[in-house]
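Summary of the model geometry
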Amino acid sequence: MSGDHGGHEHGHEHGGGDGGHHDANIAARVRELEAQLVAAGQITEAELEAILLEGWSGSPAHGAAIVARAWADPGFRDRLLADGNAAAGELGLEAEGYLLKAVANTADVHNLIVCTLCSCYPTNLLGPSPGWYKSFAYRARAVREPRAVLAEFGVELPDSTQITVWDSTAEARYLVVPARPAGSDGLPEASLAALVTRNGLIGTAVV
Amino acid sequence: MARFTVGSEVRARLGDPDGHTRVPRYVRGHCGEIVGLHGDWKLPDAAVRGTLVTEPVYAVRFRAADLWGHGGHDVIVELWESYLEEAAGER
Amino acid sequence: MGGQTGFGALPQPGAEPPAGADWEAHVRALTYALMDRGVFGGDEFRDAIERIPPAEYLSLSYFERWFAALEILVREKGLLDGAGG
């Protein structure tokens, strides 16, 4: 994750727990720390409320819209692959403070995204990250045995397909552009977007 | 001025720094090929010490067979310039 | 953590409540509020998470790790010193 949360682009939500230990008192401890920090003048209740109410502005619908446009418009696809931030801007989507890198699946290449160090994720384009993405198992195994990981998602790729795993260790955040499914010719963009799943944008699904 | 270009062969430095760093352990000491330049970014190792250092960040492709001894896939990792050294001809 | 073996199968989707727990939202809000104030940056926060003792790190859930990092930073930066609490 990153502290540059101006676009809340690096939050990772929905704590899928690793480790069997869950502190039964954690909620009370959080409330206590919150009260102490407010009493000490380090933050205000209003500041906390604003962040809590803002909730999530990101959604996988944003990523799906980008992919649908890339499928429908080859010029946009080229621009997206060359400069993801500018292309997202064409659709009115904010991608600030990080480098948006779109990586395209083809008949020969399948892309898979992970952050082994901590679970970085483009939340403003994909919404909250899933628990499995943040799990130790995914972080450890995606770079080492991507085919086995994909098999757990029900994705079996031909042996001839080259897999590229992208580890988000710096300031790039990756968006997979899935291969356009057969039979989707002639569909309007909104229908194309409906075909693009969140997992497809991470690389753990074929759409 | 970026030290490396696309196509350069580089090695991720060995070493286990005491402080915060963004070199994953699994690439340290391994050779890869630069496949992209990702711009200049604040170096985290310095940031946690309160120092502002900005360096080019590179996308470096490693082969699974080199990293793990098996596997046909590639792993592309973003690495700051100071994490890398030249490795021409070593692969 | 990349490449480490022994972690087994991925957690099944649907195993976590869709909206997450309320305390998790508060941990997130506390973290971002303090960052907005400039008390610490993202690199310091990641560093604090990495300094959680390994056995504890592996036993905590994702947001429990965030909370542990907050406690480390609160202590190291003396955020509650002189507050009588």
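If you're wondering where the values come from, they're calculated on a predicted model, not measured in any experiment. (Residues numbered from 1 in each chain as written. Chains lettered and ligands numbered in written order. Predicted model: local features only at pLDDT ≥ 70, side-chain atom pairs only at ≥ 80, totals over all residues.)

Thoughts on the overall build of chain C
A tally of regular secondary structure across chain C gives four helices and zero strands. Helices and strands appear in chain C in the N-to-C order α-α-α-α. (Helix = DSSP H or I, 4+ residues; strand = E, 2+ residues; numbered from the N terminus.)

Observations concerning the overall build of chain A
Secondary structure assignment for chain A yields eleven helices and four strands. When the 207 residues of chain A are sorted by exposure, 49% land in the buried category. By sequence separation, contacts in chain A at least 24 residues apart represent 71% of the contacts at least 6 residues apart. (Buried ≥ 20, exposed ≤ 12 C-beta atoms within 10 Å, placed from the backbone. Contact = placed C-beta atoms within 7 Å.)

Concerning the interface of chain B and chain A
Taken residue by residue, the interface counts 16 residues in chain B and 15 residues in chain A. Secondary structure elements with two or more residues in the side of chain B that touches chain A: β2 (31-42) and β4 (74-80) of chain B. Per element, the largest residue contribution to the side of chain B that touches chain A is seven residues, and it comes from β4(B). Per-class residue counts for the side of chain B that touches chain A are ten nonpolar, three polar and three charged. For strand β3 (residues 162-167) of chain A and β4(B), the ladder comprises four bridges, and the chain directions are parallel. (Nonpolar A, V, L, I, M, F, W, Y, C, P; charged D, E, K, R; others polar. Pairing = 2+ DSSP bridges.)

Observations concerning the pairing of β4(B)
Residues and elements named next belong to chain B. Burial within β4 is extensive, with seven of its seven residues counted as buried. What you see with β4 is no split at all: Asp74, Ile76, Glu78 and Trp80 on one side and Val75, Val77 and Leu79 on the other are buried throughout. Where strand β3 (residues 54-63) meets β4, seven bridges bridge the pair, whose relative direction is antiparallel. Opposite Arg61, over in β4, you have Ile76 as the bridge partner.

Digging into the domain arrangement of chain A
Per the domain assignment, the segments making up chain A are domain 1 (17-54) and domain 2 (60-202). One C-alpha centre belongs to domain 1 of chain A, the other to domain 2 of chain A; they are set 33 Å apart. (Domains from an automatic or database assignment.)

What about the sheet that holds strand β5 (residues 84-86) of chain B?
One open sheet holds the seven strands; their spatial order is β2(A)-β3(A)-β4(B)-β3(B)-β2(B)-β1(B)-β5(B), and the pairing between them is mixed. Each having just a single partner strand, β2 (109-114) of chain A together with β5 of chain B make up the two edges of the open sheet. Neighbour to neighbour, the strand axes of the sheet diverge by 35° on average, direction disregarded. (Axes fitted to C-alpha atoms, helices over the stretch in contact; angles between N-to-C directions.)

Let's talk about helix α2 (residues 45-54) of chain A
Where burial is concerned, little of α2(A) is hidden: one out of the ten residues are buried. One or two residues past the end of α2(A) sits A:Gly55, with phi positive at roughly 55°.

Topic: the packing of helix α1 (residues 22-36) of chain C against helix α4 (residues 62-76) of chain C
All names here are of chain C. For the pair α1 and α4, interaxial distance at closest approach is 10 Å and the crossing angle is 40°. Here α1 lies oblique to α4, going by the angle between them. Between α1 and α4 lies a crossing of left-handed hand. Contacts between α1 and α4 pair Glu24, Val27, Leu30 and Thr31 from the former with Phe63, Trp66, Phe67 and Leu70 from the latter. Across the contact of α1 with α4, the residue classes break down as six nonpolar, one polar and one charged. (Parallel < 35°, antiparallel > 145°, perpendicular 65-115°, else oblique. Left-handed = near helix turned anticlockwise from the far one by under 90°.)

Things to note about the nonpolar core
One finds A:Leu175 and B:Leu79 to be the most contacted residues of the largest nonpolar core, which totals 92 residues. Split by domain, this core shows at least three residues from each of two domains, domain 1 (17-54) and domain 2 (60-202) of chain A. (Core = buried A, V, L, I, M, F, W, Y, C linked by C-beta atoms within 7 Å.)

Looking at the packing of α2(A) against α1(C)
The contact between α2(A) and α1(C) brings their axes to 9 Å, and the two run at 120°. Comparing the axis directions of α2(A) and α1(C) gives the class oblique. In this structure, the crossing between α2(A) and α1(C) has a hand that is right-handed. Residue-level inspection shows A:Glu47, A:Leu48, A:Ile51 and A:Leu52 of α2(A) in contact with α1(C), the latter providing C:Ala25, C:Ala29, C:Leu30, C:Tyr32, C:Ala33 and C:Asp36. Of the residues belonging to the contact of α2(A) with α1(C), the class tally is eight nonpolar, no polar and two charged.

Section: the pairing of β3(A)
Where β2(A) meets β3(A), six bridges bridge the pair, whose relative direction is parallel. Its bridge partner lying in β3(A), A:Val109 is registered against A:Gln162.

Overview of unusual backbone geometry
Residue and element names in this part refer to chain A. With a phi angle near 95°, Ser119 is a residue other than glycine that sits in the positive phi range. Looking at the secondary structure, you find Ser119 in the loop between β2 and α6 (123-126). Under the C-beta neighbour-count criterion, Ser119 is labelled buried, with 20 such atoms within 10 Å.

Regarding helix α1 (residues 26-39) of chain A
Residues separated by three or four positions in an α-helix point in the same direction, a consequence of the helix having 3.6 residues per turn. Look at α1(A): 20 Å from first C-alpha to last across 14 residues, which is about the 20 Å you get at 1.5 Å a residue. Of the residues trailing α1(A), A:Gly41 is marked for its positive phi of about 80°. (Expected span 1.5 Å × (residues − 1).)

Remarks on the environment of A:Glu145
Examined against the element boundaries, A:Glu145 turns out to sit in the loop between α8 (136-141) and α9 (146-152). In sequence terms A:Glu145 and A:Thr169 are 24 residues apart; their C-alpha atoms lie 18 Å from each other.

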